[in-house]
Amino acid sequence: MKDTRVFIQTYGCRMNACDTEIICAILRNAGFSLVHDSENADVAILNCCSVREDGHIVALDKALKLKQFNRSIKTVLCGCFAKLVDSGFLRSNTNIDAVVTPESYREMPGTLSRLVAGDIGFIVSNEISDDLYQEILPIEYLNIPNRALILGKGCNQKCAYCIEPYTRGAERYVNLDTVMANLDVLFHRHEGGIVTLVGHMVDRYMCAGVNFAMLLREVAKECERHNAWVKYLSSHPMTYSDEVLSAVSDCDNIMRVVHLPVQSGSNEVLNRMRRGYTIEQYLETIKRVRAICPDMNIVTDIMVGFCGETDSDFRQSVELIEQFRPGEVNVYAFSMRSNTYAHRAYIDDVTEDIKRERMQIAVETASRIRREYMQSELGISQKFMSGAMSGINRREFSNIYNRTYSQRSGLRDCGENLIVEGRLSLENNLFTVDI
């Protein structure tokens, strides 16, 4: 084991990124060496997403390239996509040597030892476990000050299109002590940065009498001691409470960003999606958010081409974006997933051409609104937290964050963001930026 070098690459959401940290900690504690270059690896772990039908293709392509470069390298597929595969998948994808499901990461050292010994073509799956790996603390694998911490896994919402309740199971949450222990490890290495609290339905957090608003205040207090900011994702329009909003409003180091996916502007489509609210209820939530936190940047999602979506349904989605003008919109085309309610009950009857056309219209609308929003910020000085810095005079920066935007990438002139001057403040690891 001491001579076995392991490379790991993550695909998909922040949940998978957090799982990568857990896997790395397990392997390092077992004596494996972690490397950042696949060319120097004996084993490559591909942590793969299941949200979209084609989400695994890039990982399989990576496995092919790894084998072409080095036939002796062993490859492991893990992540939530691993819940969807069987022995037939391994027979059809010979570049994958083993599969490990998310509940089975404690068995990763044994899995790698089997591979190194020559055993291939097997699946490691602990079907009865709801392991949250609470006592496993993150290691220094990614040398950046920004980290995501898992508050919980699983989801009880069971939207018609979503595979996550199947791949991640029912909702369960880590305790506050685990969260604070993770923070202690992170701040021992880095002051400043951004801590992102991650859960499929983060504002439904409840563990040992502590709800999300209470946890958020405790995390913000600890982060303030280390000059760090806090953000969280994702929230649900019907469970995002005034108590959480009050915590955001009261704590200066909680970022004014909330992810409230609406998915569609049509009540008929929302009903088929099993989202649990109407457009009228969603807009009431938006009104409440803006009343308590006027500077909140609301990020939303629009899914085009869901089963049965008509031209009229789609136009209502575009009109909704125009009506409440979110700061950012993530636009996706519906992708049918096996083991979902939609797969059992509906037909994927919107053609790919129509999905692409609707995506283009929605993206153009969202981009125009975003440009208009950013134009309104011209002449304003704002505080930014740097995720990475370079340059002798420390005036070049990338991956920078302010309190109302999730990310602005670039060097000095950040394109559409119109950042024309950056001055590093030595206090609290912050930039003052003139826009």
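Residues numbered from 1 in each chain as written. Predicted model: local features only at pLDDT ≥ 70, side-chain atom pairs only at ≥ 80, totals over all residues. Heavy atoms only, no water.

### Digging into the packing of helix H11 (residues 311-324) against helix H13 (residues 352-375)
At their nearest, the axes of H11 and H13 sit 10 Å apart, and the two run at 10 degrees to each other. Of the possible angle classes, the one that applies to H11 and H13 is roughly parallel. Judged by residue contacts, Asp 311, Phe 314, Val 318, Ile 321 and Glu 322 of H11 engage Arg 358, Ile 361, Ala 362, Thr 365, Arg 368 and Ile 369 from H13. Per-class residue counts for the contact of H11 with H13 are six nonpolar, one polar and four charged. (Axes fitted to C-alpha atoms, helices over the stretch in contact; angles between N-to-C directions. Helix = DSSP H or I, 4+ residues; strand = E, 2+ residues; numbered from the N terminus. Parallel < 35°, antiparallel > 145°, perpendicular 65-115°, else oblique. Contact = heavy atoms within 4.5 Å. Nonpolar A, V, L, I, M, F, W, Y, C, P; charged D, E, K, R; others polar.)

### Digging into the sheet that holds strand E15 (residues 297-304)
On the basis of which strands lie adjacent, the open sheet formed by three strands has the order E14-E15-E16 and parallel pairing. Both outer strands of the open sheet, strand E14 (257-259) and strand E16 (328-333), are each paired with one neighbouring strand and no more. Each adjacent strand pair in this sheet contributes to an overall mean axis angle of 20 degrees, direction not counted. As paired elements, E15 and E16 share six bridges and run parallel to each other. Directly across from Asp 301, in E16, lies its bridge partner Asn 330. Those strands touched by H11 are E15 and E16, and its axis lies near 170 degrees from that of E15. (Pairing = 2+ DSSP bridges.)

### A few points about the confidence of the model for the protein chain
On average, residues of the protein chain score 86 in pLDDT, and 86% of them are at 70 or above. Counting contacts from residues 388-398, a segment whose pLDDT is below 50, to residues more than four positions away or on other chains yields 27 contacts. Low confidence marks residues 408-426, where pLDDT is under 50. Its contacts with residues over four positions away, or in another chain, come to 56 contacts. (pLDDT = per-residue confidence, 0-100.)

### Some details on the side chain of Asn 182
If you trace the backbone, Asn 182 turns up in helix H6 (residues 176-189). From its side chain, Asn 182 meets the backbone oxygen of Thr 178 in a polar contact 2.8 Å long. Excluding residues within four positions of it along the chain, Asn 182 makes contact with Leu 137, Pro 138 and Leu 149. (Polar contact = N/O pair within 3.5 Å; in protein donor to acceptor, adjacent residues only side chain to side chain.)

### Structural notes on the pairing of strand E4 (residues 74-78)
With five of five residues buried, E4 is to be regarded as a mostly interior element. A two-sided burial pattern is seen for E4, the buried positions comprising Lys 74, Val 76 and Cys 78 on one face and Thr 75 and Leu 77 on the other. Of the pairings in the sheet, the one linking strand E3 (residues 43-47) to E4 comprises five bridges and is parallel in character. Across the sheet, the residue bridging to Ile 45 is Val 76, located in E4. Sheet topology note: the E4/strand E5 (residues 98-100) ladder contains two bridges and is parallel. Within the sheet, the bridge partner assigned to Leu 77 lies in E5 and is Val 99. A crossover connection joins E4 to the parallel E5 through helix H3 (residues 87-92); in handedness this β-α-β unit is right-handed. (Buried < 20%, exposed > 50% of the residue type's maximum accessible area, 1.4 Å probe, protein only. Right-handed = clockwise from strand over helix to strand, strands pointing away.)

### A closer look at the sheet that holds strand E7 (residues 147-150)
Reading across from one edge, E7-E10-E13 is the order of the three strands in this open sheet, with parallel pairing throughout. Strands with a single pairing partner mark the edges of an open sheet, and in this sheet they are E7 and strand E13 (229-233). In this sheet, adjacent strand axes meet at a mean angle of 25 degrees when their direction is disregarded. Relative to strand E10 (residues 194-198), E7 runs parallel, the two being bridged by four bridges. The residue bridging Arg 147 from the neighbouring strand is Val 195, located in E10.

### What about unusual backbone geometry?
Backbone torsion omega between Leu 233 and Ser 234 reads -5 degrees, so that peptide bond is classified as cis. The residue Ser 234 is located in the loop between E13 and helix H8 (242-250) in this model. For Asn 339, which is not a glycine, the phi torsion comes out positive at approximately 65 degrees. When you line up the elements, Asn 339 lands in the loop between E16 and helix H12 (341-345). What makes Asn 339 partly exposed here is its relative accessible area of 38%.

### Concerning the environment of Asn 211
As for its position among the elements, Asn 211 is in strand E12 (residues 210-211). For the pair formed by Asn 211 and Glu 243, sequence separation is 32 residues and the distance between their alpha carbons is 9.7 Å. Residue contacts for Asn 211: discarding those within four places in its chain leaves Tyr 205, Met 206 and Glu 243. Within polar-contact distance, the side chain of Asn 211 engages the side chain of Glu 243 at 3.2 Å.

### Describing helix H2 (residues 57-69)
Compared with an ideal rise of 1.5 Å per residue, which puts 13 residues at 18 Å, H2 spans 19 Å between its outermost C-alpha atoms and is within 8% of the ideal. Every buried residue of H2 is listed here: Ala 59, Leu 60, Ala 63, Leu 66 and Lys 67. Down the axis of H2, the smallest arc covering the buried residues is 115 degrees, so these residues share one side. Turned more than 90 degrees away from the buried face of H2, the exposed residues are Gln 68 and Phe 69. Buried-residue contacts for H2 involve E3, E4 and H3. (Expected span 1.5 Å × (residues − 1). Arc of directions from axis to C-beta.)

### Some points on the environment of Ala 44
When you line up the elements, Ala 44 lands in strand E3. Between the alpha carbons of Ala 44 and Leu 77 there is a distance of 8.7 Å; along the sequence they are 33 residues apart. Once residues within four sequence positions are removed from consideration, Ala 44 is found in contact with Phe 7, Leu 66, Ile 73, Lys 74, Thr 75 and Val 76.

### Let's talk about the packing of helix H7 (residues 212-225) against H8
The geometry of H7 relative to H8 is characterised by a closest axis approach of 8 Å and an angle of 15 degrees between their N-to-C directions. Taken together, H7 and H8 sit at an angle that is classed as roughly parallel. The interaxial crossing formed by H7 with H8 has right-handed handedness. On H8, the residues touching Phe 212, Ala 213, Met 214, Leu 216 and Arg 217 of H7 are Glu 243, Val 244, Ser 246, Ala 247, Val 248 and Asp 250. Tallied by class, residues from the contact of H7 with H8 come to seven nonpolar, one polar and three charged. (Left-handed = near helix turned anticlockwise from the far one by under 90°.)

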